[in-house]
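For reference, the chains in residue letters:
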Amino acid sequence: MDDKELIKRIMEEVKDERLREELLALVVEKNKKKEDTKQEEEKPIDYVARQEILLGATEGVAKVEWWIGYIISIVLILVGSLGPLGLLGYILAPDEKMDRDAQAGIILLSALFIIGLGMFFSLRSGKREYEKLKRKEENQGQS
């Protein structure tokens with residue numbers, strides 16, 4: 001039954017004024033709970049808050065962990081960039097033979113490069129989401 005139909009039926013069939021008000025209040029409360037759960041589902045995940053909850057860290061510790069991960073991702077990108085550069089060198093000079101160790105090194109360094117890029121972009125998007133959420137909270141606090 002639709003809420004409009006329910007309200008209409010309550011208004012028509014319930015003669016006791018007090019009971020009618022209580023039933024209408026229950027319908028309104030039910031709708032409010034539905035709207036609250038929808039808003040909670042639509043709320044973006046706060047990256048730092050998620051770290052706080054999952055790891056039991058405070059906001060300051062979560063931010064330090066974020067910076068450590070950010071620095072590690074940059075190091076992985078820098079070290080791992082040697083793999084694609086080695087592959088590029090091999091492509092530009094195809095006359096030279098590449099031994100198995102060099103091939104394994106290129107694959108390993110390329111994997112580090114890809115992992116570093118994934119970490120970097122993941123952390124950046126988490127930070128942007130966190131900053132967007134903070135701005136939204138500040139704007140709501142000012143209203």
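Structural data are supplied above this passage.
In this text, all values refer to a predicted model and were calculated from it rather than measured experimentally.

Procedures and definitions
- Once a new chain begins, its residue numbering starts again from 1 and follows that chain's sequence as written.
- Residues qualify for local features only when their pLDDT is at least 70, as the model is predicted, and side-chain atom pairs are given and counted only at 80 or more; totals for whole chains, interfaces and linings, by contrast, use all residues.
- Computation of side-chain values: all heavy atoms of the structure, hydrogens and water removed.
- Pairing of aromatic rings covers Phe, Tyr and Trp, the last counted by its six-membered ring, and requires centre-to-centre distances within 6.5 Å; plane angles under 30 degrees mean stacked, over 60 mean edge-to-face, and any other angle means tilted.
- Helix numbering and strand numbering both begin at the N terminus, where a helix is a DSSP run of H or I of at least 4 residues and a strand a DSSP run of E of at least 2.
- Burial classes: relative accessible area under 20% of the type maximum marks a residue as buried, over 50% as exposed, and values in between as partly exposed (1.4 Å probe, protein chains only).

J.: Sorry, what's going on with the packing of aromatic side chains here?
T.: Aromatic rings in a pair are described by how distant their centres are and how their planes are angled relative to each other. Under the definition given, this model contains five aromatic pairs. Taking the centre distance of 4.9 Å and the plane angle of 85 degrees together, the rings of W66 and W67 count as edge-to-face. An angle of 85 degrees between the planes, with centres 5.5 Å apart, marks the rings of W67 and Y70 as edge-to-face. One end of the pair is W67 and the other is Y70, both in helix α4 (residues 59-80) and three residues apart, which spans about a single turn. Classification of W67 by relative accessible area gives partly exposed; the value is 45%. Aromatic rings pair up to connect W66, W67, Y70, F120 and F121 into one cluster.

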